[in-house]
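What follows is each chain in one-letter form.
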Amino acid sequence: MTENVENLILERLRRIDDRLSNIEGGVKDVKLRMTAVEEHLLSIQTSIFGLNQRMDRFDERLSRVESGLDLKDAS
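Right, let's walk through the structure included here. (Residues numbered from 1 in each chain as written. Predicted model: local features only at pLDDT ≥ 70, side-chain atom pairs only at ≥ 80, totals over all residues. Heavy atoms only, no water.)

**Here we look at the overall build of the protein**
- For the protein, the count of helices and strands is 1 helix and 0 strands.
- At 31 Å, the protein has a C-alpha radius of gyration far larger than the 11 Å of a compact globule built from 75 residues.
- For the protein, the spread of C-alpha atoms along the principal axes amounts to about 100 × 20 × 10 Å.
- The buried share of the protein, taken over its 75 residues, is 0%.
- Treating the 12 positive side-chain charges of the protein as one cloud and the 15 negative ones as another, the clouds have centres 2 Å apart. (Helix = DSSP H or I, 4+ residues; strand = E, 2+ residues; numbered from the N terminus. Rg over C-alpha atoms; globule rule 2.2 N^0.38 Å. Buried < 20%, exposed > 50% of the residue type's maximum accessible area, 1.4 Å probe, protein only. Lys, Arg positive; Asp, Glu negative; His and termini not counted. Charge placed at Lys NZ, Arg CZ, Asp CG, Glu CD.)

Right, here's the structure in full:
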């Protein structure tokens, strides 16, 4: 009787171990995908920063053009 109980416990422990291995694999996959998302977001932020710098330069150039032409803001 005790041998059957021990076998049942071992069987359960093996199943738990298999399930934990599957979960570990899934977590590793999620971590890799999350890293890819973070890298992509960083790339987007860098692009936005570059675009903002260009817009600032356009604003400066437009101000110089307006000053040169003696244009005033309508508002």
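Structure's up, so let's keep going.
**Some remarks on the pattern of salt bridges**
- Under the defined criterion, the tally for this structure stands at 1 salt bridge.
- Across the pair Arg 15 and Glu 11 runs a salt bridge, and its minimum N-O distance is 3.5 Å. Here Arg 15 pairs with Glu 11, and both are found in helix α1 (residues 2-68), just 4 residues apart, close to one helical turn.
- Residue classification places Arg 15 among the partly exposed positions, given a relative accessible area of 45%. (Salt bridge = Lys/Arg side-chain N within 4 Å of Asp/Glu carboxyl O.)

**Things to note about unusual backbone geometry**
- Residues other than glycine seldom take positive phi values, yet Asp 70 does so here, at roughly 55°.
- Here Asp 70 lies in the segment after α1.

**Observations concerning a nonpolar patch on the surface**
- A grouping of Met 1, Val 5, Ile 9, Leu 10, Leu 13, Ile 16, Leu 20, Ile 23 and Val 27 is seen on the molecular surface, where their side chains present a nonpolar patch of about 880 Å² in accessible area.
- The residue Leu 10 is located in helix α1 in this model. (Patch = residues over 30% accessible without salt bridge, like charges linked within 9 Å, V, L, I, M, F, W, Y side chains within 5 Å. Areas by Shrake-Rupley, 256 points an atom, 1.4 Å probe, with all protein chains shown as cover.)

**Section: α1**
- Relative to the 99 Å expected for 67 residues at 1.5 Å per residue, α1 spans 98 Å between its end C-alpha atoms, a close match to the ideal helical length.
- Within two residues after α1, Asp 70 carries a phi angle of roughly 55°, on the positive side. (Expected span 1.5 Å × (residues − 1).)

**Some thoughts on the environment of Arg 33**
- With respect to the helices and strands, Arg 33 occurs in helix α1.
- Along the chain, Arg 33 and Glu 66 lie 33 residues apart, while their C-alpha atoms are 49 Å from each other.

**So, a negative patch on the surface**
- Taken together, the side chains of Asp 56, Asp 59, Glu 60 and Glu 66 define an acidic patch exposed on the protein surface.
- Residue placement: Asp 59 occurs in helix α1.
- Residue classification places Asp 59 among the partly exposed residues on the basis of a relative accessible area of 48%.

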